[in-house]
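Below, each chain spelled out in residue letters.
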Amino acid sequence: MTKFLLAVHVLAAIVAIGPVTVAASMFPPAARRSFEAPDDVRAQETLRLLYRICRVYAVVGVVVPVFGFATASSMHVLGSAWLIISIALTALAAAVLAVLVLPRQSTLLESGGGPREATARLAMFTGMFNLLWAAVTVLMIVRPGSTTGA
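What counts and how
Residues numbered from 1 in each chain as written. Predicted model: local features only at pLDDT ≥ 70, side-chain atom pairs only at ≥ 80, totals over all residues. Heavy atoms only, no water. Patch = residues over 30% accessible without salt bridge, like charges linked within 9 Å, V, L, I, M, F, W, Y side chains within 5 Å. Areas by Shrake-Rupley, 256 points an atom, 1.4 Å probe, with all protein chains shown as cover. Salt bridge = Lys/Arg side-chain N within 4 Å of Asp/Glu carboxyl O. Helix = DSSP H or I, 4+ residues; strand = E, 2+ residues; numbered from the N terminus. Core = buried A, V, L, I, M, F, W, Y, C linked by side-chain atoms within 4.5 Å. Buried < 20%, exposed > 50% of the residue type's maximum accessible area, 1.4 Å probe, protein only. Axes fitted to C-alpha atoms, helices over the stretch in contact; angles between N-to-C directions. Parallel < 35°, antiparallel > 145°, perpendicular 65-115°, else oblique. Left-handed = near helix turned anticlockwise from the far one by under 90°. Contact = heavy atoms within 4.5 Å. Nonpolar A, V, L, I, M, F, W, Y, C, P; charged D, E, K, R; others polar. 1 Å grid on protein atoms, 1.4 Å probe; cavity = no way out; pocket = protein on both sides within 12 Å on 5 of 7 lines; lining within 4 Å. Points joined across faces, edges and corners; volume = space filled by probe spheres on them.

Participant: Where do I start with a nonpolar patch on the surface in this structure?
Facilitator: A surface patch of nonpolar side chains, about 440 Å² in accessible area, is lined by Leu6, Val10, Leu11, Ile14 and Val15. As for its position among the elements, Val15 is in helix α1 (residues 2-36).

Participant: What exactly am I supposed to notice about the nonpolar core here?
Facilitator: In a soluble, globular protein the nonpolar side chains are often hidden away together inside. Counting 29 residues, the largest nonpolar core has Phe27, Leu47, Leu97, Val101, Phe129 and Trp133 as its most contacted members. Sorting the residues of this core by element identifies α1, α2 (41-60), α4 (81-110) and α5 (116-142) as the ones contributing at least two each. With nine residues, the top contributor of residues to this core is α1.

Participant: Would you mind going over the packing of α1 against α5 with me for this structure?
Facilitator: How two helices pack is summed up by the angle between their axes together with the distance between the axes. Running from N to C, α1 and α5 cross one another at 160°; their axes reach a closest spacing of 9 Å. Here α1 lies roughly antiparallel to α5, going by the angle between them. Where α1 crosses over α5, the two elements pack in a sense that is left-handed. Residues His9, Ile17, Val20, Thr21, Ala24, Ser25, Phe27, Pro28, Ala31 and Arg32 of α1 lie in contact with α5, whose contacting residues are Arg116, Thr119, Ala120, Leu122, Ala123, Thr126, Phe129, Asn130, Trp133 and Met140. The residue makeup of the contact of α1 with α5, split by class, is 12 nonpolar, six polar and two charged.

Participant: I tried to follow the environment of Leu89 on my own but got confused; where do I start?
Facilitator: Assignment of secondary structure puts Leu89 in helix α4. Sequence separation of Leu89 and Pro144 is 55 residues, and the distance between their C-alpha atoms is 15 Å. Other than its neighbours up to four places away in sequence, Leu89 contacts Leu132, Ala135, Val136 and Leu139.

Participant: Would you mind showing me how to read the layout of surface pockets here?
Facilitator: Left-over empty space is what a probe sized like a water molecule reveals as it rolls over the atoms. Here the largest pocket defines a volume of roughly 600 Å³. Taken together, 26 residues form the lining of the largest pocket, with Leu6, His9, Val10, Val136 and Met140 sitting closest to its centre. Only α1, α3 (63-75), α4 and α5 provide two or more residues apiece to the lining of the largest pocket. Here the element with the most residues in the lining of the largest pocket is α3; it accounts for seven residues. The residue inventory of the lining of the largest pocket, partitioned by class, reads 19 nonpolar, six polar and one charged. Roughly 220 Å³ of internal volume is contained in the second largest pocket. Along the wall of the second largest pocket there are 15 residues; nearest its centre are Ala58, Gly61, Val62, Ala94 and Leu97. Taken together, the elements giving at least two residues each to the lining of the second largest pocket come down to α1, α2, α4 and α5. In terms of residue count, α4 provides more of the lining of the second largest pocket than any other element does, six residues in total. Each residue belonging to the lining of the second largest pocket can be placed in one class, and the counts come to 13 nonpolar, two polar and no charged.

Below is the structure:
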């Protein structure tokens with residue numbers, strides 16, 4: 001059962017978190033292009049699509065920690081430091097996405113793009129989100145101090 005839970009957890013992370021990181025990273029430059037060409041309908045459609053991908057997959061991404069907890073429980077590692085740090089970083093990444101990235105995307109979408117300062121700030125927050133997920137991924141692979149052998 002552990003291997004099944006782990007497989008679902010990893011697949012969910014790839015399928016749910018991957019699209020958010022890519023779409024969120026593409027949003028700031030697309031917003032700049034849209035702001036520079038306000039009559040470009042395709043640029044507006046691109047922004048709407050990227051924002052929708054980020055919102056939908058952020059909700060779908062909830063399955064990642066759900067299966068992560070199930071996997072950790074079956075592996076008996078819920079008290080491990082690497083897992084606790086991963087959980088904290090995951091919560092922080094979710095907060096960055098929910099509080100800093102998605103609302104700014106929405107604002108830029110409503111205004112038809114954005115000036116360089118606004119899109120640069122969004123790009124910075126998106127980079128923070130992506131780095132947090134990269135750190136979680138490394139901790140999940142390396143698992144410092146783990147003795148599970150899984």
